[in-house]
Each structure stands twice: as structure tokens, then as C-alpha cells.
Amino acid sequence: MPRDRSSNRTSARTLRLIAFGAILCGSIHADGHRSPLLPDFARLQFAGHAGMVSAGPGYSWWDHRIESGLSYGWVPAFVGDRNIHILSQKNSISLGRLRLGPAFFLEPAMAGFATHFSVGDKYEILLPDSQRDYYWPDGLFFWIFGAAKAGYMFEKPTYLSGVAVMAEVGTINQDIQAYTRNHYVTLDDILSLAISAQFYL
Amino acid sequence: MYNQGNLDRLALDPLRTPRHFKIAVMADSHLWYDELKVAVGRINLDPTIDFVILAGDFTKFGYADEYDRFTDIFNKLAAPHVVGIGNHDLQADGFTLFTRVFGPTDFSFVYRGVEFIFFNDNARGIRCCIPKFDWLETELAAAGDTLKIFTVSHAPPLSDQLDTAKSERMAGLFAKYKVALSIHGHTHAFEYSEKFRDGVPYLVTDAVNKRNYVTVVLDGDVLTVERVFF
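Residues numbered from 1 in each chain as written. Chains lettered and ligands numbered in written order. Predicted model: local features only at pLDDT ≥ 70, side-chain atom pairs only at ≥ 80, totals over all residues.

Student: Describe the overall build of chain B, and please don't skip the residues or the numbers.
Tutor: Across its full length, chain B carries six helices and 11 strands. Principal-axis analysis of the C-alpha atoms gives chain B an extent of 45 × 40 × 30 Å. The buried share of chain B, taken over its 230 residues, is 49%. Residue pairs at least 24 apart in sequence account for 72% of intrachain contacts in chain B once pairs closer than 6 positions are excluded. (Helix = DSSP H or I, 4+ residues; strand = E, 2+ residues; numbered from the N terminus. Buried ≥ 20, exposed ≤ 12 C-beta atoms within 10 Å, placed from the backbone. Contact = placed C-beta atoms within 7 Å.)

Here it is in C-alpha cells:
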């Protein structure tokens, strides 16, 4: 199968943008003050329609209970038949937190949504004029999920102030359409699992 | 390949009575899996149906999951069944998926004295070469004087998939080679008429959510088209 050169170019541009962002944040941080631009966490995720693996920075509020992040995800050719690149913006809120001792915490009920853009020349995000108002842009999809998170905050933070793992169960808007229209399509058919590791900075 | 496997079953046809058969035709099942499942069950109750045609748009987004769900249901048909490609099935990686699951988008076969020609005419937003008119004319010409011709493509002429020039070229070829029936879907609205008053009948099926399919009976030179509600 021929390589998807357009997707590779897009991927390279995306990686450069992420690297530039990281350098910017780091340089501002180097003067000794924590910059508001410095992300509050970095996340590494497996699955969840964001790519087989995805990674990116994020910000949090309300003692990390509200989080919002960006990520770049990749589906390798041996899984997706060709390399697929996905940009995501993800938000979540924790509906409650249990303290298990001074450092451990558990957030058993979280909810959130993400917007995924599949970039490249196969999936459309902005449809051409001839197809606008006719097709749903198949490069754009929304992931809604419920999740649980377990974490550990370090007493004496160095580079990291804590770590957490999160398990999500969710689905995308296209699958919700199929589910709501049919008895044939069950929840089992449309729900997917995602696992992520989160590193608090 | 899905289609080739079913065509192999048709080739084993023990009767081979020329110009005598009954087929079921439907299109545009999209995300209506419940209705499709009922349609398959209803068709299976009719042992006189020789084979089934789905004239494209069995997906809404062209996703792999949709291909899986559709084939899971359609495979339960007792009769052989052949699937054409629709504009929605082509979205995203749809073309690759279709050729991998079903085989070529443009193909033909002969069944009981009739040449069936399936072709991709989903040309909206495509700059070049859809439909493949040269291939189509070669196939039409190959039928000669001895075979009747049924064509199957998703979009009917003068629909939003085919501009006026392409529609007229397609209709002109069908008239030139005396196509006996041109089968389509896409508009989700049943129609059976001699669209261009040139002797070529055009059949457009409802979408599957309207809970009907069409049976086409050929008995010699007599063609009977009937909607079957379920």
C-alpha cells in the first residue's frame, strides 16, 4: 500500500507544533516562577478513538477535578491499514473524590467529552462545497465517556507532583446514532475502553 | 470476496432457464439495521427469489464498523446476494473497505440470459472518471444481441451524484444498447418509469426504513416489478 505522504507531512507539522509549545512553556518556567502557560499535567492514553496511543498536555482547575487537554494520537499502519493521525481536545470533570490516606486518592465518578479530528487526505474535516450540507464530515467525531481515576500525589514533588491512572468507557456520536435507531445495535457494540496514565507537573 | 462468493453460488444454478427469474432489490439501508434484519427475514420466507441485489448505501459514514454490521445481517440471506457501492459507502476509507470486503465496484455477470452490469456512478465531488464510461460501453456492447441487459448503479441519472452531461451520456448508452432495466437507489423514493421516454425503464427503490423492497420478475420478455412491504 502506498505511503500516505500528505498524512506524514501533517504529522510532522503537528509534532513540530507540540515541540514548540513544550519549549515555550519550559523557557518561561526557567526563571523560577511557575508560568500559567506551563501545563498542569501530561497524559499518555491507549485507545478511546484518540488513536491507538495518544499523548499531550493539559490544564486543570479545582484541585485537578476539572481537566482540559490536547493530544496527538496515532493509529499505526499495522492496525489501521495506513498511518492515521488524530488531534484531540478532551475535557472531564470529577464528580467526587475519596482520600485514601495522605497521598492516594480515588475519583470513582468522572464524566467528559472529547472532540477528535482525524487529519490527512482520507477523512474530511472541512467538506468541499459540493458535499457540504450533504455528508457529516467523517474526520470529525465526538467521544463522550464516563471514567474512574486513581492517583498518588507526592509529598515532596520534584519534576512531578503526582501520577494517576484513568479508565474510561465511552462511545462516539456516530455509534450513538446507530444505537438509538436500532435494537440490533447493543451497548456492548458501541462502547469502547480507554486507559490512560496522567503525570501531574 | 463477498460478491464473488455469491456469484459462484449463482453459477451453480441448476435451472439455467433463459430469461426466467425473480430477484429482490433494495438499497439505502444506512443505519436502519432493525429494518434490514426484518427485510432479510421476509425475503428468506420467499423461496422463489433467485437472488438479491442491494444497490448501495449500506453505510452512513463509510466506517468499518458499519461494513461489519451490514454484512453480519445480509449474510443471513438464504439466497445469493450481490452488493453495489453507494456514495456513503465511499466516504473515509470506504473505497478500500468495499474492494477488500466485496471486491471490485465495477463488475458484470450473466444469469439466465441476462447480463447484469454493476458500476460505481457516485460522482459528486469526484473530478474524474466516474462512471467509467469506456468500461461501461465495453460491457454493454459485449452483451450482443443474445443477452438482455440489467444495469445496477446507486445513483439514478439526473440525481445530485450525476450532472446533466453525465446523466445524458449514461442514458444515451442505455438507450443505444437497449438496457432492459436500470436499477438504482439513492433518492430513498420509489420510482419505476421510463425516465427519458427512450424505451429504458428505470427502477429506483425506497430506502430500507420505508419497510419495503422490490421484486423483479422476468418471464421471457415480460418484466414485472412489485413492491413488497414488510
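Student: Provide a residue-level description of the sheet that holds strand E6 (residues 148–152) of chain B, including the pertinent values.
Tutor: Residues and elements named next belong to chain B. Overall, mixed pairing links the six strands, which are arranged E4-E5-E6-E7-E9-E8 in an open sheet. In this open sheet, the two strands that pair with only one neighbour each are strand E4 (107–111) and strand E8 (191–193). Within this sheet the neighbouring strands show an average axis-to-axis angle of 15°, counted without direction. Pairing geometry for strand E7 (residues 181–184) and strand E9 (residues 202–204), over three bridges, is parallel. Bridge assignment links His-184 to a residue of E9, and that residue is Val-204. (Pairing = 2+ DSSP bridges. Axes fitted to C-alpha atoms, helices over the stretch in contact; angles between N-to-C directions.)

Student: Describe the environment of Arg-69 of chain B, listing the residues and the values that go with them.
Tutor: With respect to the element layout, Arg-69 of chain B can be found in helix H3 (residues 64–74). As for Arg-69 of chain B and His-154 of chain B, which are separated by 85 residues in sequence, their C-alpha atoms are 20 Å apart. Other than its neighbours up to four places away in sequence, Arg-69 of chain B contacts Val-185 of chain A together with Tyr-33 of chain B.

Student: Which residues make up the interface of chain B and chain A, and what are the values?
Tutor: Accessible area lost upon the coming together of the parts serves often as the stated size of an interface. Listed per partner, the contact involves 14 residues of chain B and 16 residues of chain A. Considering every element that reaches the side of chain B that touches chain A, the biggest residue donor is helix H2 (residues 33–44) of chain B, with three residues. Residue composition of the side of chain B that touches chain A, grouped by class: six nonpolar, three polar and five charged. (Nonpolar A, V, L, I, M, F, W, Y, C, P; charged D, E, K, R; others polar.)

Student: So what about the confidence of the model for chain A? Which residues, and what values?
Tutor: Here chain A shows a mean pLDDT of 85. Residues at 70 or above account for 82%. Segment residues 1–7 of chain A is flagged for pLDDT under 50; beyond a separation of four residues in sequence, or across chains, it makes 14 contacts in the model. (pLDDT = per-residue confidence, 0-100.)

Student: Residues and numbers for the sheet that holds strand E10 (residues 212–219) of chain B, please.
Tutor: Residue and element names in this part refer to chain B. Taken in spatial order, the five strands of this open sheet run E3-E2-E1-E10-E11, and their pairing is mixed. Every other strand in the sheet has two partners, leaving strand E3 (81–84) and strand E11 (222–229) as the edge strands with one partner each. Neighbour-to-neighbour, the strand axes of the sheet open up by a mean angle of 20°, direction not taken into account. Taken together, the four bridges between strand E1 (residues 20–26) and strand E2 (residues 51–55) define a ladder with parallel strand orientation. Its bridge partner lying in E2, Ile-23 is registered against Phe-51.

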